[in-house]
Every structure is written in structure tokens, then in C-alpha cells.
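Listed below, chain by chain, are the residues.
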Amino acid sequence: MASPRKFYNNPFTICIEGNIGSGKTTFLNHFQNFNNATILQEPVDLWRNVTGVNLLDLLYKDPVNYAFLFQSYAQLTRLKLHTLSTPSPYKVMERSIFSARCFLENMKRTNMIRDVEVVVLEKWYDWCLENTNIRADLIVYLRTTPEVVYQRMQARARKEEDSVSLEYLRQIHEIHDDWLYRKTLFSLPAPVMIVDGDKSLEEMVPQFEKCKDRILKEKT
Ligand code: DGT
């Protein structure tokens, strides 16, 4: 009889962060060849279909009315991934509950969201951090130039992102940089490894190898 599969409640966790279109999904896919890793992509499809309602679309079409709702659902879906047990000792996640704060910060800076909505989301966030098992051991920051990700975003043409401007990508970039590059915004939940996300797909391969080495070093 086959022995029951072991599950890890507290796997070593790597979060891949970066602007919209910075190549997180592609980078994540390199981990398919990394033994013992469970790869968790961002739950964009869940956001696109909340019992038939496309929340991602509503976020961009009508941010004043839907930013809070979107943010609260994104936070929930991310929390579920953080707390998921994995069949392997490494968990590699696209974004994290931490990066949701970058978007919230931008909503605050641009007055897209009411003060009281920010308070509620931050209370949820604090509660989750204190009362659930959210682990992060390494953050990989795919640092990109806003103009480059703007072009990539236009090329992939995700229909919900029609209205996303270069200005918006610049704002999101600055906040990621404040957090992970200048390290002046939020506290860091884990060490940060910076990867040049402007590079081509082929040039990313050695970067990924470096990342693997760093992970093994951090784990020991
Ligand atoms: P990649 O693989 O680097 O190209 O990553 P993307 O662009 O597929 O994934 P991501 O997370 O940067 O963005 C997916 C879409 O969802 C994009 O339109 C931005 C939006 N998004 C993701 N997380 C949040 C969030 O917490 N708040 C808000 N307002 N938007 C978010």
C-alpha cells in the first residue's frame, strides 16, 4: 500500500514581487524544475469570476466604488494561499499579502479609497498577520522600468487592463521601490533579492539560477 503523502504546514516560502507585467508568472514557472517546490500562481482568475462578477474589470472601470471590495477579496485569496499546506517543503508564491499593501498605499496616495476603508483593510491585515501562520523567507523583487512593463502589458492585452496608464505603472513602481529597493516604506518580512526584470527571457535564466542558489543558502 502506498504511504500517505506528507504535507508541510510551514514550508519555506519565497514570494515573487514586482510591478504589473514584470514577468512574475514567467519567473515562477522556472521553479517547475526546482525539486520539492509547490508553485502558487496569483488567483487572477478567481478575481475575474466571483460568482459571475468580474471584480478585476470593475476595479479598473469604477475604482471609487470597487477598489475596497477588490482589495478585500484579493487579501482573502492571498491569505488562503499563505495558509495552504503544501506537499513539498518549498512554497513559491506570485505576490503575497504583503504586496497587496503596495496597491492599498497607492489608493491612499491617489485618494481612490475612503479613509475608513483603509482603516478596515489595515485592521484585517494586522489581524491576519498576528493570528494566522503567514511565513515569508525570501522576497524576489523583479525590478523593472515602468516604460518596459507598459509595453509588455499592452502586448499581452489583458482586456481588463485597457485603461491602465503608464502613470499608474509609475506609481506602483515607486511604491514597490520604496518598499523593496529603498526600504523606506513598510517593514520587510524577509530578506530581499533584487533581479533585473527588464531583461529578456533568455537573460533571465542565469538570474533564476542565482535565485535558486540564494534560496538554498537561506534555507540552510
Ligand atoms: P506578471 O506575471 O509579472 O506579468 O504579473 P501580472 O501582471 O499578471 O500580475 P499582477 O499581480 O502584477 O497583476 C494582475 C492584475 O491584478 C493587474 O491588473 C494588477 C492587479 N492587481 C494585483 N494585485 C492587486 C491588488 O492587490 N490590488 C489592486 N488594486 N490590483 C491588483
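Residues numbered from 1 in each chain as written. Predicted model: local features only at pLDDT ≥ 70, side-chain atom pairs only at ≥ 80, totals over all residues. Heavy atoms only, no water.

A. View of the overall build of the chain. In terms of regular secondary structure, the chain is built from nine helices and five strands. For the chain, the N- to C-terminal ordering of α and β elements is β-α-β-α-α-α-β-α-α-β-α-α-β-α. Computed over the C-alpha atoms, the radius of gyration of the chain is 17 Å, within 12% of the 17 Å expected from 2.2 N^0.38 for a compact globule of 220 residues. With respect to the principal axes defined by its C-alpha atoms, the chain has extents near 55 × 40 × 35 Å. Looking at the chain residue by residue over its 220 residues, the buried ones come to 47%. Taking the intrachain contacts of the chain between residues at least 6 apart in sequence as the baseline, contacts between residues at least 24 apart amount to 74%. Just so you have it, the chain exposes about 11,400 Å², and 52% of that area is on carbon and sulfur atoms. (Helix = DSSP H or I, 4+ residues; strand = E, 2+ residues; numbered from the N terminus. Rg over C-alpha atoms; globule rule 2.2 N^0.38 Å. Buried < 20%, exposed > 50% of the residue type's maximum accessible area, 1.4 Å probe, protein only. Contact = heavy atoms within 4.5 Å. Areas by Shrake-Rupley, 256 points an atom, 1.4 Å probe, with all protein chains shown as cover.)

B. Highlighting the pairing of strand β4 (residues 138-143). Of all the six residues making up β4, five are buried; the element is thus mostly covered by neighbouring parts of the structure. Taken together, the five bridges between β4 and strand β5 (residues 192-196) define a ladder with parallel strand orientation. Along β5, the bridge assignment pairs Arg143 with Asp196. (Pairing = 2+ DSSP bridges.)

C. Molecular detail of the environment of Glu122. Tracing the sequence through the fold places Glu122 in helix α6 (residues 115-131). Under the relative-accessibility criterion, Glu122 is labelled partly exposed at 26%. Along the chain, Glu122 and Asp57 lie 65 residues apart, while their C-alpha atoms are 23 Å from each other. Apart from the residues lying within four places of it in its own chain, the contact partners of Glu122 are Leu104 and Lys108.

D. Spotlight on the sheet that holds β4. What the five strands build is an open sheet, ordered β2-β3-β1-β4-β5; its pairing is parallel. One side of each edge strand has no neighbouring strand; the edge strands of this open sheet are β2 (37-40) and β5. Adjacent strand axes in the sheet meet at a mean angle of 20 degrees when their direction is disregarded. Seen against the sheet, helix α4 (residues 63-82) touches β2 and β3 (90-94) and runs at an angle of roughly 165 degrees to β3. (Axes fitted to C-alpha atoms, helices over the stretch in contact; angles between N-to-C directions.)

E. Fine view of the environment of Asn36. Counting through the fold element by element, Asn36 comes out in the loop between α1 (24-30) and β2. Apart from the residues lying within four places of it in its own chain, the contact partners of Asn36 are Ser88, Pro89 and Tyr90.

F. Quick look at a nonpolar patch on the surface. Where nonpolar side chains cluster on the molecular surface, the patch consists of Val116, Val120, Trp124 and Trp127 and spans about 440 Å² of accessible area. Among the secondary structure elements, Trp124 is positioned in helix α6. Residue Trp124 is classed as exposed on the basis of its relative accessible area, which comes to 51%. (Patch = residues over 30% accessible without salt bridge, like charges linked within 9 Å, V, L, I, M, F, W, Y side chains within 5 Å. Salt bridge = Lys/Arg side-chain N within 4 Å of Asp/Glu carboxyl O.)

G. Quick look at the packing of α4 against α6. Look at α4 against α6: their axes get within 10 Å of each other, and the N-to-C directions meet at 5 degrees. By the angle class used here, α4 and α6 are roughly parallel. Of the residues in α6, those touching α4 at Phe68, Gln71, Ser72, Gln75 and Leu79 are Glu117, Val120, Leu121, Trp124, Tyr125 and Cys128. (Parallel < 35°, antiparallel > 145°, perpendicular 65-115°, else oblique.)

H. Region of the structure containing the site of the ligand. Around the ligand sit 23 residues, and of these Thr25, Glu42, Tyr60, Arg95 and Glu161 come closest. The contact in question runs from an oxygen atom of the ligand to an N or O atom on the side chain of Glu42, over 2.4 Å. In the complex, the protein chains occlude 97% of the 620 Å² of accessible area that the ligand would expose alone. Those elements giving two or more residues to the shell around the ligand turn out to be α1, α3 (55-61), α4 and α5 (100-109). (Near = heavy atom within 4 Å. Polar contact = N/O pair within 3.5 Å; in protein donor to acceptor, adjacent residues only side chain to side chain.)

I. Geometry of the nonpolar core. Counting residues in each nonpolar core, the largest one holds 22 residues, and the members touching the most others are Ile20, Leu59, Tyr60, Phe70 and Tyr168. Of all the elements in the fold, those that place two or more residues in this core are α2 (44-48), α3, α4, α5, α6, α7 (146-156) and α8 (166-181). The element contributing the most residues to this core is α3, with four residues. The contact partners of Tyr168, leaving out residues within four places of it in the chain, are Ile20, Tyr60, Phe103 and Asn106. (Core = buried A, V, L, I, M, F, W, Y, C linked by side-chain atoms within 4.5 Å.)

J. Representation of α5 in the model. α5 sits mainly inside the fold: seven of its ten residues count as buried. Within α5, burial applies to Ala100, Cys102, Phe103, Leu104, Glu105, Asn106 and Met107. Its buried side turned inward, α5 meets α3, α4, α6 and α8. Just downstream of α5 lies Asn111, where phi reads positive at about 55 degrees.

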